[in-house]
Amino acid sequence: MNSKYAIGTVYLVGAGPGDIGLLTNKGLALLKSCDCLVYDRLIQDEMLALAPASCEKVYVGKAASDHAMPQEQINLLLCEKAKHFKTVVRLKGGDPYVFGRGGEEGEVLRAHNVPFEVVPGISSSIGGLAYAGIPITHRHHASSFHVFTGHFKDDSKDHDWSVVAKIEGTLVFLMSIGSIPYITSQLIQFGKKASTPIAVVSNAASSSQQVFESTLEKALDELPIGKIKSPALLVVGEVIHMRETLNWFESKPLFGKKIAVTRATAQSSHFSAMLRAQGASVIELPMISIESLPTLLQQDHLMQSTQIWFTSENGVHEFMKSLWALHLDSRALFKHKILAIGPTTSKCLEQYGIRPDFVPVRYTQEGIIELMETQLSASDHVLIPGAQVMRSLLTDWLAKICSYEKLTVYQTIRPEYSADELSSILKKIETLDYVTFASGSAVQHFHEFLKQYEVSLSADVKFASIGPVTSSTLEELGYPVHLSANPHTLDTLLKVLMADAK
Ligand code: SAH
């Protein structure tokens, strides 16, 4: 192949062991800006979602029915992609050079004169153990560590067990799930103390992490051999005792819980990050997508109105876009009294340099009415930029006091999923522990989604709602409201979930 026409650079990027937060800053920046992404089995969907929508994504891992693309073919694919794309990211689990065959890819790229760089990642052999509460070295227990493959394709490549068994440091075996009986028996046979502790860490650094502990001699009786989910690591050494004290990850309040976030993609990341920080496995299930509408805002609206009420973050963003389209900015609102329905909308206004005059104690239309009863006179004119569909409680009440105008600045629609997104969602949805909703329209769309794809949820799934409007939509559609947040914020929703998971 002639690769002298390569226009791009191939970056061999380590994705870390499981928690998407463990991708390095450099890796993240490349992922967010790449034009082509070549990835394999250990890469989480959430990480793939960080790549631009326009980027070409090529899966080269093993599908259940299928075989992995042969390494030689991957090497050439990378050279080929560099001819068409400026930034090609080859994303690999853990570190690209720790049993990742990154070295071979680098060699072939070099041979074809394709520029490449390596962005190291946190290897599961170290980082995965840390999440299992096992420090790979410890002053009192291990002064070295050794990482082996546990996959012996060719017998002639087997380790020299007489050497391995003598090592005092921590031994970590990757790709070892099928060889646990062999490895443990070899170590005993060649002289390692039979009572040496061992641990198997499955799905390290993810919410489905499982750790099984035993000793070399009892491994076959005590470990669920054959049932351990891959990927998994086998660890041998005294450091495993430290798990009792250092197991920080599995004690997080939402550890092991699968929680769906149904907010619009653009808004979900913050809440998803809050949930992940508490140990949850987050399934992004965007049920709304915000669609801007052609701007209706006129100079007259600004001249006439005395107050502007924002009932959602989206209302703020879309109104500001309209203002911008009129060649204006927030200074045009200097004479208006501004209301935000709650703290999130208020924070959003602050981004535009606007400090709202009013924020009700209850973050609902009812709360606005309570607060504004004493603040309005017949000469006021209230402008309410918001979604097409909105409850009429507020406007019915306003109509009795002063004039108002509802300005429809956006609509919420049900997002279309690509075939890949859909299959990934359908795979995960049946085992959810919680589904969270932050709006009635998300509930409505979720209901339609379940019907369309004939999805059945787990019988134990719990529905968590941000507030009364969302809750009543759930009830109207026949879903029980197990948890609801009061005050109606995402912070409270998180607290409620944490309390329930206890
Ligand atoms: N480059 C990777 C290793 C690739 S080999 C790294 O540095 O981590 C694949 C093996 O890595 C798996 O068979 C398993 O033994 C281990 N592995 C990778 N991610 C893991 C995880 N999240 N939990 C447990 N083991 C993992």
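Residues numbered from 1 in each chain as written. Predicted model: local features only at pLDDT ≥ 70, side-chain atom pairs only at ≥ 80, totals over all residues. Heavy atoms only, no water.

> Please explain unusual backbone geometry as it appears in this structure.
Trans is the prevailing form of peptide bonds, just as negative phi is the prevailing case for residues other than glycine. In this structure, proline 231 follows serine 230 across a cis peptide bond, with omega equal to 0°. Across the junction of asparagine 486 and proline 487, the peptide omega takes the value 5°, indicating a cis bond. One can find proline 487 in the loop between strand E20 (483-484) and helix H19 (490-501). For arginine 101, which is not a glycine, the phi torsion comes out positive at approximately 60°. Tracing the backbone through its elements, the reader meets arginine 101 in the loop between strand E4 (87-92) and helix H4 (102-111). Here asparagine 203, not a glycine, exhibits a phi torsion of approximately 50°, which is positive. Tracing the chain through its elements places asparagine 203 in the loop between strand E8 (197-202) and strand E9 (210-215). (Helix = DSSP H or I, 4+ residues; strand = E, 2+ residues; numbered from the N terminus.)

> Would you explain helix H10 (residues 265-277) in this entry?
Structural remark: α-helix, 3.6 residues per turn; residues separated by three or four positions point the same way. The end-to-end C-alpha distance of H10 is 18 Å, a good match for the 18 Å that 13 residues give at a rise of 1.5 Å each. Approximately 25° is the largest bend angle found in H10, and it occurs at phenylalanine 271. Listed in full, the buried residues belonging to H10 are Gln267, Ser268, Phe271, Ser272, Met274 and Leu275. Those residues of H10 that are buried are in contact with strand E11 (258-261), strand E12 (281-284), helix H12 (313-325), strand E18 (434-437) and H19. Just beyond H10, the residue with positive phi is glycine 279, at close to 100°. (Expected span 1.5 Å × (residues − 1). Bend = angle between axes of the 7 residues up to and from the residue. Buried < 20%, exposed > 50% of the residue type's maximum accessible area, 1.4 Å probe, protein only. Contact = heavy atoms within 4.5 Å.)

> How should the site of the ligand be read in this particular structure?
Neighbouring the ligand are 17 residues, the closest being Pro17, Asp95, Val98, Ser124 and Ala232. Contact distances for the ligand include 2.8 Å between a nitrogen atom and a backbone N or O atom of aspartate 95. Calculation on the ligand without its partners gives an accessible area of 540 Å², and the protein chains cover 91% of this total. Its residues assigned to classes, the shell around the ligand shows 11 nonpolar, five polar and one charged. Here the shell around the ligand spans two domains, and each of domain 1 (9-122) and domain 2 (126-251) adds at least three residues to it. (Near = heavy atom within 4 Å. Polar contact = N/O pair within 3.5 Å; in protein donor to acceptor, adjacent residues only side chain to side chain. Areas by Shrake-Rupley, 256 points an atom, 1.4 Å probe, with all protein chains shown as cover. Nonpolar A, V, L, I, M, F, W, Y, C, P; charged D, E, K, R; others polar. Domains from an automatic or database assignment.)

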